[in-house]
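Residue-level listing of the chains:
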Amino acid sequence: CGVFGIWALGQSEEAANFTYLGLHALQHRGQEAAGIVSTDGTTLHAHREMGHVADIFNAEVLGRLKGGAAIGHVRYSTAGASHVRNAQPIAVQYAGGAVAVAHNGNLVNAEELRAELEQSGSIFQTTSDTEVVVHLMARARSAGSAPADPVDRLVAEARAALARVAGAYSILFLSQQAIVGARDPLGFRPLVIGKLKGSWVLASETTALDLIEAEYVREVEPGELVVLDGKGLRSEPLFPGQARPERQGRCVFEHIYFARPDSVLFGRSVYSVRHALGRELATSHPVPADLVIPVPDSGVPAAIGYAEESGIPFATGLVRSHYVGRTFIEPQQSIRHFGVKLKLNALKDVLRGKRVVVVDDSVVRGTTSRKIVKMIRDAGASEVHLRISSPPTAWPCYYGMDTPTRQELIASTHSVEEIAKYVTADSLGYLTLEGLYRAVGESRQGYCDACFSGDYLVQFPRQREPRGAG
Ligand code: 5GP
Ligand code: SF4
Ligand code: MG
């Protein structure tokens, strides 16, 4: 998922418009549903719908989302069904207050907390893991000893709720008085701070700041809480007194695939990282060939890096339809199946008689890769060498990426040779973990790579399949 928030109350009446633009730039992070909740300082105004940002929000809808502050969300389901009920921001009224919440990540103990809350009388409106957070906030308020100041109260309640959840969250809270943003102590999902004239902005990725011409200030740190209100921006530790964990959990797969290449992620340019991944791949898995072609769009920067390092010419061998979204974000298996042909077509003139290196970011089930290899061969390529700009994906993600079950991940049950055979490639090469971090340019200490290594940094209560909110 993607989140965006802007606090410009008293300075601008355009908060919903800026949020619309921000969400548009974050559309790649979730294409199932989107929503905006704004405030004029008195009331919260909400609109949520299934579909793409550009189709949901028109001038009339945006006109109703009044006020100088807003948060927004684009959703792709990892927890809870693909249904408008589960669209975010969630907005609720409780004990004299109103709050809206937008969450990117996945809470690993949401089911346990939900069962506990239901036992003591909570009635849940959605099947999304995020809803437990608002219930926990309401409990914190009814438990008493709440600060009198409404901003302090929002901070205290957000903190109390987040202290009980485990897993991945980059999360925004909006009340009539403030926006509170927080990132879990391991920092799985990104969150950045921007400045737009005199106002403050929070967004999943810097590409959203670029679009609205906001200046990128810095990341929200893992385990940091920030408050945006009439007084500006201030920062606090999310859990004061808690030591910084030795290893942090920035999602390395954001660099490999999920984030937009024009974003600065965890302080590094995504494009440069992907380019370096491709160079690393050329060094570790060279092969005599006539052309290097990417699987668009995600394979493009790595293919350029591979071509530069190997000296083999880069070419466009696959053309992508821009009217199809990201196929893996499409939850229906039947549509996913058609997705490949709907999305990609091979260029016969380019490929005929050529030995081709094909660069992609990851192999998940292997079904897409198999169809792509077949498509390239059918177009006349004499050899097809598949190069993957990540290590084998052998473990499911529990922290906000919608990977399939362990059994469905081809690399969990097959060797590289077996995968090469399955996808019918003449050869197949992956990166190693060491090669991955050489390209990222950072030590493994700051990152999560559980989907490649099986080193889960936050334990989940029961061994179960991940269905967690992208
Ligand atoms: P596959 O060969 O595994 O079917 O598909 C590989 C390609 O599709 C890669 O380009 C990868 O980015 C994308 N992909 C397909 N399914 C998934 C999925 O479930 N999760 C992720 N993260 N990517 C997927
Ligand atoms: Fe990212 Fe993989 Fe870790 Fe999930 S398991 S947070 S996809 S690196
Ligand atoms: Mg891809």
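Residues numbered from 1 in each chain as written. Chains lettered and ligands numbered in written order. Predicted model: local features only at pLDDT ≥ 70, side-chain atom pairs only at ≥ 80, totals over all residues.

## Observations regarding the overall build of the protein
Moving on, step 1. Each helix and strand in the protein was counted, giving 17 helices and 23 strands.
Moving on, step 2. What you see for the protein is a C-alpha radius of gyration of 22 Å, in line with the 23 Å of a compact globule of 470 residues.
Moving on, step 3. Reported as C-alpha extents along the three principal axes, the dimensions of the protein are approximately 75 × 45 × 40 Å.
Moving on, step 4. A buried classification covers 53% of the 470 residues belonging to the protein. (Helix = DSSP H or I, 4+ residues; strand = E, 2+ residues; numbered from the N terminus. Rg over C-alpha atoms; globule rule 2.2 N^0.38 Å. Buried ≥ 20, exposed ≤ 12 C-beta atoms within 10 Å, placed from the backbone.)

## Here's the deal with the UniProt feature "active site" (unreviewed entry) in the protein
Moving on, step 1. Mapped onto this numbering, the UniProt entry gives "active site" (unreviewed entry) at Cys1.
Moving on, step 2. Structurally, Cys1 can be placed in the segment before strand E1 (2-7). (UniProt positions renumbered as here; feature names shortened; annotations may be inferred.)

## Focus on the confidence of the model for the protein
Moving on, step 1. When pLDDT is averaged along the protein, the result is 94; 94% of the residues meet or exceed 70.
Moving on, step 2. Scoring the predicted complex yields pTM 0.94 and, for the interface, ipTM 0.91. (pLDDT = per-residue confidence, 0-100.)

## Examining the UniProt feature "binding site: [4Fe-4S] cluster" (unreviewed entry) in the protein
Moving on, step 1. Under the local residue numbering, the UniProt record ascribes the feature "binding site: [4Fe-4S] cluster" (unreviewed entry) to Cys251, Cys397, Cys448 and Cys451. The greatest C-alpha distance among the residues just named is 10.1 Å, despite their covering 201 residues of sequence, which places them together in space.
Moving on, step 2. Summarising the element assignment, Cys397 is placed in the loop between strand E21 (383-388) and helix H14 (410-413).
Moving on, step 3. On the basis of neighbour counts, which here come to 23 C-beta atoms within 10 Å, the residue Cys397 falls in the buried class.
Moving on, step 4. Accessibility expressed as a C-beta count within 10 Å gives 28 for Cys451, which makes it buried.

## Digging into the site of ligand 2
Moving on, step 1. Taken together, Phe188, Cys251, Val252, Phe253, Cys397, Tyr399, Met401, Cys448, Asp449, Ala450 and Cys451 are the residues near ligand 2.
Moving on, step 2. Sorting the residues of the shell around ligand 2 by element identifies helix H8 (252-258) and helix H17 (450-453) as the ones contributing at least two each.
Moving on, step 3. Considering only residue class, the shell around ligand 2 consists of 10 nonpolar, no polar and 1 charged. (Near = placed C-beta within 6 Å. Nonpolar A, V, L, I, M, F, W, Y, C, P; charged D, E, K, R; others polar.)

## Some details on helix H6 (residues 150-162)
Moving on, step 1. The first and last C-alpha atoms of H6 sit 18 Å apart over 13 residues, in line with the 18 Å expected at 1.5 Å per residue.
Moving on, step 2. Among the residues making up H6, those that are buried are Leu154, Val155, Glu157, Ala158, Ala161 and Leu162. Take H6 and look down its axis: the buried residues cluster within an arc of 170 degrees, on one side only. (Expected span 1.5 Å × (residues − 1). Arc of directions from axis to C-beta.)

## Topic: the domain arrangement of the protein
Moving on, step 1. With domains assigned, the protein is organised as domain 1 (2-245) and domain 2 (254-453).
Moving on, step 2. The C-alpha-based centres of domain 1 and domain 2 are spaced at 32 Å.
Moving on, step 3. Counting residues at the interface gives 20 residues for domain 1 and 19 residues for domain 2.
Moving on, step 4. Mapped onto the side of domain 1 that touches domain 2, the elements with two or more residues apiece are strand E6 (97-107), strand E7 (167-174), helix H7 (206-211) and strand E11 (215-219). (Domains from an automatic or database assignment. Contact = placed C-beta atoms within 7 Å.)

## Regarding the sheet that holds strand E13 (residues 232-237)
Moving on, step 1. The 6 strands are arranged E5-E6-E7-E8-E12-E13 in an open sheet whose pairing can be described as antiparallel. Taken across any chain shown, the strands that pair with only one partner, and hence form the sheet edges, are strand E5 (90-94) and E13. Strand-to-strand twist across the sheet, computed as the mean angle between neighbouring axes with direction ignored, equals 20 degrees. (Pairing = 2+ DSSP bridges. Axes fitted to C-alpha atoms, helices over the stretch in contact; angles between N-to-C directions.)

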